[in-house]
Amino acid sequence: MKVPMLDLSEQYSTLRGEMLEVLDEVMTSSRFILGDNVKKLEQDVAAYSNVPFGIGVANGSDALHISLQACGVKAGDEVITTAFTFFATAGAIARCNATPVFVDIDPVTFNIDPSKIEEKITEKTKAIIPVHLYGQVSDMDPIVEIAKKHNIYIIEDAAQAIGATYKGKRVGELGDTACYSFFPTKNLGAYGDAGMVVTKHEDLAEKMRVIRVHGSKPKYYHHVLGYNSRLDELQAAILNVKFPHLNEWSEQRRKIAANYTEKLKNALGDKIVTPIETEGNYHVFHQYTIRVENRDELQKFLGEQGVSTMIYYPQPLHLQPVFQELGYKEGDLPITEKAALEAISLPMFPELKEEQQDYVVECIAKFYK
């Protein structure tokens, strides 16, 4: 049996008629930049996040960078974040000529460990970026308390967690801004690059709208140094078709995750560590990530059996060559470094069949037995 990491074909076949219709409407209107589809998506995603403002941008990486710039992060500033995330999180900080300051993670959730944050705060600290990794919200109460105490911004990296909740609050309303990626593989994915920032702060929203169009307001009058980062009208139209299905897809992901966990525990007991949804959280399982011994050998074996897997992320950011000048060394973030050697993500998408899951579990059990 072949089990892909992700298969978007069935989702498209279900929505194909509606997709083609809205794309034809955009083509016919000839309104391709910041049109009605972008406005609708901005309003809907902001409302979904329980905040008043949404700013559509070109991709999730720009969402982070524009958020940082709107919050005034500049050369010489420091931003605290996790090293166990995609490069875009720290890359956005560096592109502001600021310094990413990495702290270790919680071994259960893979998210930033709030207890390690305050010791890293200096007079240069401008913001904290908690990453809601794999679809589970970071432990936000202590992070919010720290941010208020030190008068610093919270920018949620919610690229993998749209729709997730923490103690009754949804991602997007927990920080000063929240950044979504609509990359095709995400829980709400476009058919190309796309992203959005949501915020409760009108002043930040206005700054971000200006930054995404070369810093101009009105057109041709430039007050800040922005750049070209607009959500494409065609991608917004696609996302508007998909958005009403997001909650249903999230529920299906949760069912698949529960099925994985039950079957893996029955087959392997404590030989592997399955994901844990912490109390008060609603995990949307962008990825289903387990921790195992002999991870690389397992991945090779599963590949030979036709099971696709992914490793997010094999080299933590603090050890990346591009950040060598920051002076981090192996052993500085031991929990992060251990996770990078043990974490492996299994096939996960709403249309994954139970017989495919059964085969994945059977192959993992075969490897360890």
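Here, the structure is the one placed above.
Residues numbered from 1 in each chain as written. Predicted model: local features only at pLDDT ≥ 70, side-chain atom pairs only at ≥ 80, totals over all residues. Heavy atoms only, no water.

**Q** Kindly report on the nonpolar core, identifying the contributing residues and their values.
**A** Among the nonpolar cores identified, the biggest contains 41 residues, and L41, V45, I80, I117, I162, Y180 and F182 are the most heavily contacted of them. Only α2 (36-48), β3 (99-103), α5 (140-150), β8 (177-181), β9 (195-199) and α7 (233-242) provide two or more residues apiece to this core. If you tally residues by element for this core, the top one is α2, at five residues. The residues touching I80, leaving out its near neighbours within four places in the chain, are V101, V103, I112, I117, K120, I121, T125, A127, I128 and I129. (Core = buried A, V, L, I, M, F, W, Y, C linked by side-chain atoms within 4.5 Å. Buried < 20%, exposed > 50% of the residue type's maximum accessible area, 1.4 Å probe, protein only. Helix = DSSP H or I, 4+ residues; strand = E, 2+ residues; numbered from the N terminus. Contact = heavy atoms within 4.5 Å.)

**Q** For the environment of T278, give the residues involved together with the corresponding values.
**A** Within the element layout of this structure, T278 appears in the loop between α8 (246-268) and β10 (281-282). The sequence separation of T278 and V108 amounts to 170 residues, and the corresponding C-alpha distance is 8.7 Å. Not counting residues within four places of it along the chain, the set of residues in contact with T278 comprises T109 and Q136.

**Q** Run through the sheet that holds strand β1 (residues 53-57), naming residues and quoting values.
**A** Pairing is mixed in the open sheet, where seven strands are placed in the order β1-β9-β8-β5-β4-β2-β3. Of all the strands in the sheet, the pair left with one neighbour each is β1 and β3. Taken over all neighbouring pairs, the strand axes of this sheet differ in orientation by 25 degrees on average, direction set aside. Those strands touched by helix α3 (residues 60-70) are β1, β2 (78-82), β4 (125-129), β5 (153-157), β8 and β9, and its axis lies near 165 degrees from that of β8. Each of β1, β5, β8 and β9 touches helix α6 (residues 202-211); the most contacted strand, β1, lies at about 20 degrees to it. (Pairing = 2+ DSSP bridges. Axes fitted to C-alpha atoms, helices over the stretch in contact; angles between N-to-C directions.)

**Q** Got a sec to walk through the environment of Y359? Specific residues and values, please.
**A** Examined against the element boundaries, Y359 turns out to sit in helix α11 (residues 354-368). Judged by its relative accessible area of 16%, Y359 falls in the buried class. Residues Y359 and M1 lie 358 residues apart in sequence; the distance between their C-alpha atoms is 7.6 Å. Setting aside anything within four residues of it in sequence, one finds Y359 in contact with M1, V3, Q305 and V307. Within polar-contact distance, the side chain of Y359 engages the backbone oxygen of Q305 at 2.7 Å. (Polar contact = N/O pair within 3.5 Å; in protein donor to acceptor, adjacent residues only side chain to side chain.)

**Q** Go over the pairing of β2, please, and point to the residues and values.
**A** The two faces of the sheet receive side chains in turn, since in a regular strand these alternate between them. Taken across its five residues, β2 has five buried, putting it largely inside the fold. Burial along β2 is two-sided: E78, I80 and T82 facing one way and V79 and T81 facing the other are all buried. Taken together, the five bridges between β2 and β3 define a ladder with parallel strand orientation. Each bridged residue has a counterpart across the sheet, and for E78 the counterpart in β3 is T99.

**Q** Tell me what's going on with the layout of surface pockets, and back it up with residues and numbers.
**A** In this structure, the largest pocket spans a volume of roughly 490 Å³. Forming the walls of the largest pocket are 27 residues, and the residues nearest its centre are F86, A159, S181, F183 and K186. If you list the elements that add at least two residues to the lining of the largest pocket, you get α3, α4 (88-95) and β8. Tallied by class, the residues present in the lining of the largest pocket amount to 13 nonpolar, eleven polar and three charged. (1 Å grid on protein atoms, 1.4 Å probe; cavity = no way out; pocket = protein on both sides within 12 Å on 5 of 7 lines; lining within 4 Å. Points joined across faces, edges and corners; volume = space filled by probe spheres on them. Nonpolar A, V, L, I, M, F, W, Y, C, P; charged D, E, K, R; others polar.)

**Q** Residues and numbers for the side chain of T289, please.
**A** Of note, T289 is situated in strand β11 (residues 288-291). Those residues within four positions of T289 in sequence are excluded, and the remaining contacts are F110, Y134, P275, A343, I344 and S345.

**Q** Please provide a residue-by-residue account of the pattern of salt bridges, values included.
**A** As enumerated under the stated definition, the model contains 19 salt bridges in all. A salt bridge links K74 to D77, with the nearest nitrogen and oxygen atoms 3.7 Å apart. A salt bridge links K263 to E354, with the nearest nitrogen and oxygen atoms 2.9 Å apart. On the criterion of sequence distance, the pair formed by K263 in helix α8 and E354 in helix α11 is long-range, its members being 91 residues apart. On the basis of relative accessible area, E354 is assigned to the partly exposed category, the value being 47%. Ionic contacts of the salt-bridge type, sharing partners, join the residues E206, R209 and K217 into one network. (Salt bridge = Lys/Arg side-chain N within 4 Å of Asp/Glu carboxyl O.)

**Q** Could you give an account of the environment of V101, naming the residues involved and the relevant values?
**A** Looking at the element boundaries, V101 is found in strand β3. Take V101: its relative accessible area is 10%, and that puts it in the buried class. Considered as a pair, V101 and D157 are 56 residues apart in the sequence and their alpha carbons are 15 Å apart. Excluding anything up to four places from it in sequence, V101 contacts E78, V79, I80, T81, K120 and Y328.

**Q** I'd love a proper account of the packing of α8 against α11, names of residues and values included.
**A** It is the contact of α8 with α11, at a shortest axis distance of 10 Å, that shows an interaxial angle of 30 degrees. By the criterion of interaxial angle, the relationship of α8 to α11 is roughly parallel. Here α8 runs over α11; the crossing is right-handed. Within the contact between the two elements, α8 uses I256, N259, Y260, K263, L264, A267 and L268 and α11 uses E354, Q357, D358, V360, V361, I364, A365 and Y368. In the contact of α8 with α11, the residues fall into ten nonpolar, two polar and three charged. (Parallel < 35°, antiparallel > 145°, perpendicular 65-115°, else oblique. Left-handed = near helix turned anticlockwise from the far one by under 90°.)

Function cannot be read off these values alone, since they describe shape.
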